[in-house]
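Here's the letter readout for the chains.
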Amino acid sequence: MTFLLLVTQPPVCSAIHRYVLDLIDAIYMAEHQVRAVFFTSAAAVLADSSHHHEFRVNYLEKSCNFNFPLLVCGRAFRDSGLRPELLENGFELSGNMELTVMLQECDKTVEF
């Protein structure tokens, strides 16, 4: 089974981000896969390299270990007042087209 994880909550919602990170481990322990983690709305600021967010490193580690992309809604990133050059290495700006394709490709989508 392939999962798409949509994260909308800001970094201050630590319980949500801990849960998502634990869920990623559980998905792989069950021999399933994460297609991508897509950050949008208030979660887009997690990809801002100019501010420290404690969960950014955890998401980057999971992405590297399990080989799935960390996608950030470009519109949400810009609407947060951020510029593309502030995007942290390991995150990719993405848009509705990629999201639409992934929604069709994945077996399950979970939004937080």
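Refer to the structure above for everything that follows.
Right, let's walk through the structure included here.

Cut-offs and rules
Residues numbered from 1 in each chain as written. Predicted model: local features only at pLDDT ≥ 70, side-chain atom pairs only at ≥ 80, totals over all residues. Heavy atoms only, no water. Core = buried A, V, L, I, M, F, W, Y, C linked by side-chain atoms within 4.5 Å. Buried < 20%, exposed > 50% of the residue type's maximum accessible area, 1.4 Å probe, protein only. Helix = DSSP H or I, 4+ residues; strand = E, 2+ residues; numbered from the N terminus. Contact = heavy atoms within 4.5 Å. Phe/Tyr/Trp six-rings, centres within 6.5 Å; stacked < 30°, edge-to-face > 60°.

1. Some points on the nonpolar core
With 38 residues, the main nonpolar core has Leu5, Val37, Phe39 and Tyr59 as its most contacted residues. Residue assignment for this core shows that the elements contributing at least two residues are strand S1 (2–7), helix H1 (14–29), strand S2 (33–39), helix H2 (54–66), strand S3 (70–73), helix H3 (74–79) and helix H4 (96–105). At six residues, the largest contribution of residues to this core is made by H1. Valine 37 has contacts with Leu5, Val7, Ile24, Tyr59, Phe68, Pro69, Leu70 and Leu71, leaving out every residue within four places of it along the chain.

2. A word on the packing of aromatic side chains
Counted by the stated rule, this structure contains five aromatic pairs. Arranged with centres 6.5 Å apart and planes meeting at 15°, the rings of tyrosine 28 and phenylalanine 68 form a pair that is stacked. Taken together, the residues span a long stretch of sequence, with tyrosine 28 in helix H1 and phenylalanine 68 in the loop between H2 and S3 at a distance of 40 residues. Each member of the pair tyrosine 28 and phenylalanine 68 is classed as buried. Geometrically, the ring pair formed by phenylalanine 39 and phenylalanine 91 is tilted, given 5.7 Å between the ring centres and 55° between the ring planes. Residue phenylalanine 39 is found in strand S2, and its partner phenylalanine 91 is found in strand S4 (residues 91–94); the two are separated by 52 residues along the sequence. Both residues of the pair, phenylalanine 39 and phenylalanine 91, count as buried. Each residue in the set Tyr28, Phe66 and Phe68 is aromatic and connected to the rest through ring pairs, giving one cluster.

So yeah, pure geometry; function would need other evidence.
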